[in-house]
Amino acid sequence: MLFPDLLRIFTKDQRISEKSNIDFGYQQNNYENLIGGIQNHFRGDDIFHNWDWFKAINHELAVTIRESKLGIKRDWFLAHIFIELAIDHVLVSENETLVKKLYVDLMACDKSGWEFFFNKNNFEEFEIWHLGFERFVKNQYIFNYKDTANVIYALNRIYLSAGIGEFDDTQNQFLLVLLNNFIPQVKLKMNELYNILE
């Protein structure tokens, strides 16, 4: 399920979308989990981003950020990522077993299998991608999301990598307070999220 995001993050300009012509013609080679995961990624994204609560809260947070008058750019984009990272915080705080299983599953992936998949689909920069993937698995950075200050740090890194800019201390503090106030609302919605994604 993570592959579309990992491809985008660890290579320069490569993207995969639900419209991509991915070669899944080798199911006999135990690629069912990768195939199903990529398909579930896009199915889940579509459901999540069209969830009434997500659309309403994304708008509400964007307006709150805009009305803060702190000069935070691209408030709608920021609100979108903010919600997703808040959900990650709740998941890692309340369901650490699930996150541990994620890393166990990722560690079970072998390099030659990834390389075969890249070659079969004409993806580039395999070695660069695989180094990023190995760092991601080794560092298990998602566990840092237990600390809300690290969630804001991650948000800042995403902002920087998107070329938007960097938060100053006042913006960081505002976003940290906003996140801490928002988390209880996310917790109340987790069961609903699980249900719509089933």
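In short, a report on the structure. Treat the numbers as computed from the prediction; the structure is a model and nothing was measured.

**Overview of the side chain of Asp-75**
Link 1 in the chain: One can find Asp-75 in helix H4 (residues 75–94).
Link 2 in the chain: For Asp-75, a relative accessible area of 12% puts it in the buried group.
Link 3 in the chain: If sequence neighbours within four positions are ignored, Asp-75 has contacts with Ala-62, Ile-65 and Arg-66.

**A closer look at helix H7 (residues 126–139)**
Link 1 in the chain: Over its 14 residues, H7 extends 20 Å from the first C-alpha to the last, a length consistent with the 20 Å expected when each residue adds 1.5 Å.
Link 2 in the chain: Turning to H7, its buried residues are Phe-126, Trp-129, His-130, Gly-132, Phe-133, Phe-136 and Val-137. What you see down the axis of H7 is that its buried residues fit within an arc of 160 degrees, all on one side. Looking at H7, the residues exposed on the side facing more than 90 degrees away from the buried face are Ile-128, Lys-138 and Asn-139.
Link 3 in the chain: Buried residues along H7 sit against helix H1 (3–10), helix H5 (96–107) and helix H6 (111–120).
Link 4 in the chain: Gln-140 sits one or two positions beyond H7 and adopts a positive phi of about 45 degrees.

**Re unusual backbone geometry**
Link 1 in the chain: Phi angles above zero are rare outside glycine, and Arg-74 is one such case at about 50 degrees.
Link 2 in the chain: Along the chain, Arg-74 falls in the loop between helix H3 (52–67) and H4.
Link 3 in the chain: Judged by relative accessible area, which is 49%, Arg-74 ranks as partly exposed.
Link 4 in the chain: At Gln-140, a residue that is not glycine, the phi angle is positive and equals roughly 45 degrees.

**With respect to the environment of Val-92**
Link 1 in the chain: Within the secondary structure, Val-92 is located in helix H4.
Link 2 in the chain: Through-space distance from the C-alpha of Val-92 to that of Phe-143 is 6.3 Å; in sequence the pair is 51 residues apart.

**Structural notes on the packing of H3 against helix H9 (residues 169–197)**
Link 1 in the chain: Between H3 and H9, the shortest axis-to-axis distance is 12 Å and the interhelical angle comes to 165 degrees. Regarding the angle of H3 to H9, the classification is roughly antiparallel. Seen along the crossing, H3 lies across H9 with a hand that is right-handed. On the side of H3, the interface is formed by Trp-53, Ile-57, Leu-61, Thr-64 and Ile-65, while H9 contributes Phe-174, Leu-178, Phe-182, Gln-185, Val-186 and Lys-189.
Link 2 in the chain: Taken together, the residues that form the contact of H3 with H9 break down as 8 nonpolar, 2 polar and 1 charged.

Each value, and the rule that gives it
- Residues numbered from 1 in each chain as written.
- Predicted model: local features only at pLDDT ≥ 70, side-chain atom pairs only at ≥ 80, totals over all residues.
- Heavy atoms only, no water.
- Helix = DSSP H or I, 4+ residues; strand = E, 2+ residues; numbered from the N terminus.
- Buried < 20%, exposed > 50% of the residue type's maximum accessible area, 1.4 Å probe, protein only.
- Contact = heavy atoms within 4.5 Å.
- Expected span 1.5 Å × (residues − 1).
- Arc of directions from axis to C-beta.
- Axes fitted to C-alpha atoms, helices over the stretch in contact; angles between N-to-C directions.
- Parallel < 35°, antiparallel > 145°, perpendicular 65-115°, else oblique.
- Left-handed = near helix turned anticlockwise from the far one by under 90°.
- Nonpolar A, V, L, I, M, F, W, Y, C, P; charged D, E, K, R; others polar.

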